[in-house]
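A closer look at the structure
Residue strings, one per chain:
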Amino acid sequence: MTEVLRRYGPVLTGAILLAVALWLALLVVLPQLMMIGFSFRPSLPPSKLGGPEDVFTVKNYLTLWTNSIHLSIFLKTIWASALVTATTLAVCYPVAFYLAQVAPKRRLPLLILMLVVPFWINELLRTFSWYIILAFNGPLNAILLNLGIIDEPRRFLGGDGGVIVGMVYVYILFMVFPLYNAIESLDRNQIEAARDLGAGWLRIHRRIVLPHAKPGIAVGCIMTFMLAAGSYAVPALLGGPNSRWFTEIIYNWFFEGGNWNQGAAYAFILLVLCIGFILGAMRLFRVGLADIAK
Amino acid sequence: MTAARLRRLLTGAYLVLFFGYLFLPLGIMAAATFNSSRFPTVTPWMGFTLSWFQALWDDQRMWAALGTSLMVGAGVIALAVPLGLAAALLLDRLHSRAKTFLYALMVSPLLTPGVIVGISTLVFWREWFGVSGGLFLTVVAQSSFIAAYAMLLFSARLERFDLVLEEAALDLGATHGQVFRRITLPYLMPAILSASLLAFLQSFENYNTTLFVRGLDTTLTVYIATKVRTGLTPAVNALSLVLIALTILGAVAYEILRRREARRLAGSAVALESA
């Protein structure tokens with residue numbers, strides 16, 4: 001801290017500390033704590049706040065156990081997000097490996113730019129593009145009909161399938177960049193050496209590339225899972241009443257059920273799920289927080 | 001055919017498929033703008049039209065939503081960029097455990113689902129200050145995580161900063177304020193610009209967080225989502241097409257600037273080594 005003072009002087013140091021304190025306290029930490037505290041209180045009309053009924057309770061958390069529809073939606077959100085994560089990983093790995101180790105140097109800037117551009121495009125618009133494709137009278141149905149694979153148009157929108165397909169598309173770029181960055185730092189000589197010593201490509205990937213890419217895999221999986229589990233846009237646009245997502249239940253508690261305490265409890269459950277996934281991924285891939293937050 | 005050629009062929013096919021997968025949906029969405037069908041689609045093709053751009057132009061609520069988005073974006077730049085800058089300046093001078101802890105705390109909003117950022121902001125500001133959803137809370141909620149992006153950009157640039165410059169200025173009698181204004185800030189100017197651009201884009205496209213804190217205000221992204229669900233016409237595609245075109249221009253310009261900057265830095269490093 002003395003070094004901060006020595007470098008910036010008292011006035012600037014004061015301003016810097018004040019700004020950082022404001023950000024972390026008012027915008028990050030206190031709101032989270034408030035939300036958690038709120039989730040352990042019953043939902044009461046303003047007149048009863050602070051009264052004898054305003055006590056600590058876990059009732060809002062038990063709701064998830066007793067409401068079988070909410071529980072099944074919660075579980076579906078978990079496995080569907082995991083499926084989205086696994087699919088993006090499988091699709092992106094070959095691309096990331098090609099770009100990082102195989103692609104000719106002069107072609108690389110253009111290929112990277114072609115990845116960067118869709119990454120910048122609004123998530124909602126990328127979701128919307130799949131709304132058009134999956135629509136009842138959309139191009140996917142037209143193609144399948146023409147090929148004779150189906151006899152009459154199918155409803156792709158409003159089901160879990162459409163939501164999962166859309167999520168893979170929307171979040172795939174959050175997987176490809178961490179993978180690329182990790183594989184790019186691998187010395188190509190290691191691959192050459194393994195090949196010279198007679199290793200097949202499967203063994204090269206399993207013993208050299210994959211272990212080296214672990215931090216990237218961890219980051220990609222964490223980002224993708226968090227975005228999928230916390231997505232509201234994709235299920236709202238591509239889903240329907242029969243394919244509700246956990247975030248939609250949370251939204252309904254706030255803006256339709258009018259029970260903020262209950263909504264806060266569900267939000268905290270979602271947060272715990274994501275933190276759990278982060279810790280699990282860090283253990284599984286044996287990476288630290290410093291590797292992740294790059 | 002040799003094994004090597006087969007592998008090259010398969011790799012090429014996979015890449016074509018992958019990039020086709022990335023761009024084809026956007027192309028289909030864009031193409032539907034020019035179809036005179038009342039519902040946005042490319043099948044069946046009912047004839048070429050530009051009338052959906054006119055319909056978009058005449059949409060008063062779209063312009064209002066655009067205005068809201070611009071205001072929120074400006075607010076986020078004004079709040080998140082200085083916060084990110086202060087955080088990066090502080091981290092740059094800290095060491096070991098304090099730094100690790102603060103860093104983890106600062107990037108934690110990036111690992112938190114957007115809906116939770118929105119919810120916690122909504123609950124906190126109502127309970128403590130009696131502020132309900134609206135423009136102000138939208139700016140606050142978005143800034144809480146966009147400041148982290150800004151911090152990362154500033155930190156990356158500060159890492160390459162030559163501290164000797166500041167030391168020399170201080171030794172020659174400059175005040176801390178002068179050093180900051182004349183040396184540190186000018187050095188950080190490119191990062192301030194890119195952080196502002198990133199903050200604006202992040203704010204503009206945000207949906208998950210905004211949805212919970214917007215109150216009765218409607219940003220353009222929220223407006224598009226509402227239109228898709230109730231009252232979808234190809235005018236939404238026209239709007240998407242315009243936004244995507246602007247984004248591509250912005251992204252390409254940003255990449256070119258970034259690469260030029262990287263080359264310049266690499267060049268000066270070489271010059272230093274050979275000197």
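Definitions and cut-offs
Residues numbered from 1 in each chain as written. Chains lettered and ligands numbered in written order. Predicted model: local features only at pLDDT ≥ 70, side-chain atom pairs only at ≥ 80, totals over all residues. Helix = DSSP H or I, 4+ residues; strand = E, 2+ residues; numbered from the N terminus. Rg over C-alpha atoms; globule rule 2.2 N^0.38 Å. Contact = placed C-beta atoms within 7 Å. Buried ≥ 20, exposed ≤ 12 C-beta atoms within 10 Å, placed from the backbone. Axes fitted to C-alpha atoms, helices over the stretch in contact; angles between N-to-C directions. Parallel < 35°, antiparallel > 145°, perpendicular 65-115°, else oblique. Left-handed = near helix turned anticlockwise from the far one by under 90°. Nonpolar A, V, L, I, M, F, W, Y, C, P; charged D, E, K, R; others polar. pLDDT = per-residue confidence, 0-100. Core = buried A, V, L, I, M, F, W, Y, C linked by C-beta atoms within 7 Å.

1. Concerning the overall build of chain A
- When its secondary structure is counted, chain A shows 14 helices and zero strands.
- Expected size for 294 residues packed as a compact globule is a radius of gyration near 19 Å; at 24 Å, chain A overshoots this value by more than 25%.
- By principal-axis analysis of the C-alpha atoms, chain A measures approximately 75 × 75 × 35 Å.
- Long-range contacts, defined here as pairs at least 24 residues apart, represent 72% of the contacts in chain A between residues at least 6 apart.

2. Thoughts on the overall build of chain B
- When helices and strands are tallied, chain B shows 11 helices and zero strands.
- Listing each helix as α and each strand as β along chain B from the N terminus yields α-α-α-α-α-α-α-α-α-α-α.
- Here chain B has a C-alpha radius of gyration of 24 Å; the compact-globule value for 275 residues is 19 Å, and the former is much larger.
- For the C-alpha atoms alone, the extent of chain B along its principal axes is close to 75 × 70 × 35 Å.
- Out of the 275 residues in chain B, the part that is buried amounts to 41%.
- Of the contacts formed within chain B by residues at least 6 apart in sequence, a portion of 74% connects residues at least 24 apart.

3. Examining unusual backbone geometry
- With omega at 0°, the peptide bond leading from B:Thr43 into B:Pro44 counts as cis.
- Secondary-structure assignment places B:Pro44 in the loop between α1 (3–32) and α2 (51–57).
- Here A:Arg286, not a glycine, exhibits a phi torsion of approximately 50°, which is positive.
- Turning to its location among the elements, A:Arg286 is positioned in the loop between α13 (260–284) and α14 (289–292).

4. Some remarks on the packing of helix α7 (residues 163–171) of chain B against helix α8 (residues 176–205) of chain B
Residue and element names in this part refer to chain B.
- Where α7 contacts α8, the two axes come as close as 10 Å, and the packing angle between them is 150°. Taken together, the axes of α7 and α8 are roughly antiparallel relative to one another. Seen from above, α7 lies across α8 with right-handed handedness. In this structure, α7 uses Leu165, Glu166, Ala169 and Leu170 to contact α8, whose residues at the interface are Val179, Ile183 and Thr184.
- Across the contact of α7 with α8, the residue classes break down as five nonpolar, one polar and one charged.

5. Observations concerning the interface of chain A and chain B
- Each partner contributes residues to the interface: chain A has 67 residues there, and chain B has 65 residues.
- At 20 residues, the largest contribution of residues to the side of chain A that touches chain B is made by helix α1 (residues 2–39) of chain A.
- Taken together, the residues of the side of chain A that touches chain B break down into 55 nonpolar, nine polar and three charged.

6. Quick notes on the environment of B:Ala156
Residues and elements named next belong to chain B.
- Along the chain, alanine 156 turns up in helix α6 (residues 135–158).
- Using a count of 13 C-beta atoms within 10 Å as the deciding quantity, one classes alanine 156 as partly exposed.
- Remark: the alpha-carbon pair of alanine 156 and aspartate 92, spanning 64 residues in sequence, is separated by 9.9 Å.

7. Section: the confidence of the model for chain B
Residues and elements named next belong to chain B.
- Here chain B averages 89 in pLDDT, and 96% of its residues register 70 or above.
- Within chain B, helix α3 (residues 60–92) carries the highest mean pLDDT (95), whereas helix α11 (residues 234–274) carries the lowest (80).
- Note on the complex model: pTM 0.90, ipTM 0.88.

8. Quick look at the environment of A:Arg244
All names here are of chain A.
- Secondary-structure assignment places arginine 244 in the loop between α11 (233–238) and α12 (246–255).
- When the C-alpha atoms of arginine 244 and aspartate 187 are compared, they prove to be 46 Å apart, with 57 residues separating the residues in sequence.
- Non-local contacts of arginine 244, meaning those with residues more than four positions away in its chain, are made with Ile73, Pro235, Gly239 and Ile249.

9. Points about the nonpolar core
- Residues A:Ala96, A:Leu179, A:Ala267, B:Ala87 and B:Ala150 are the most contacted members of the largest nonpolar core, which totals 162 residues.
- Among the elements that line this core, the one with the most residues is α3(B), at 16 residues.
- Not counting chain neighbours up to four residues away, the residues in contact with A:Leu179 comprise A:Cys92, A:Tyr93, A:Ala96, A:Ala213, A:Gly216, A:Ile217 and A:Gly220.

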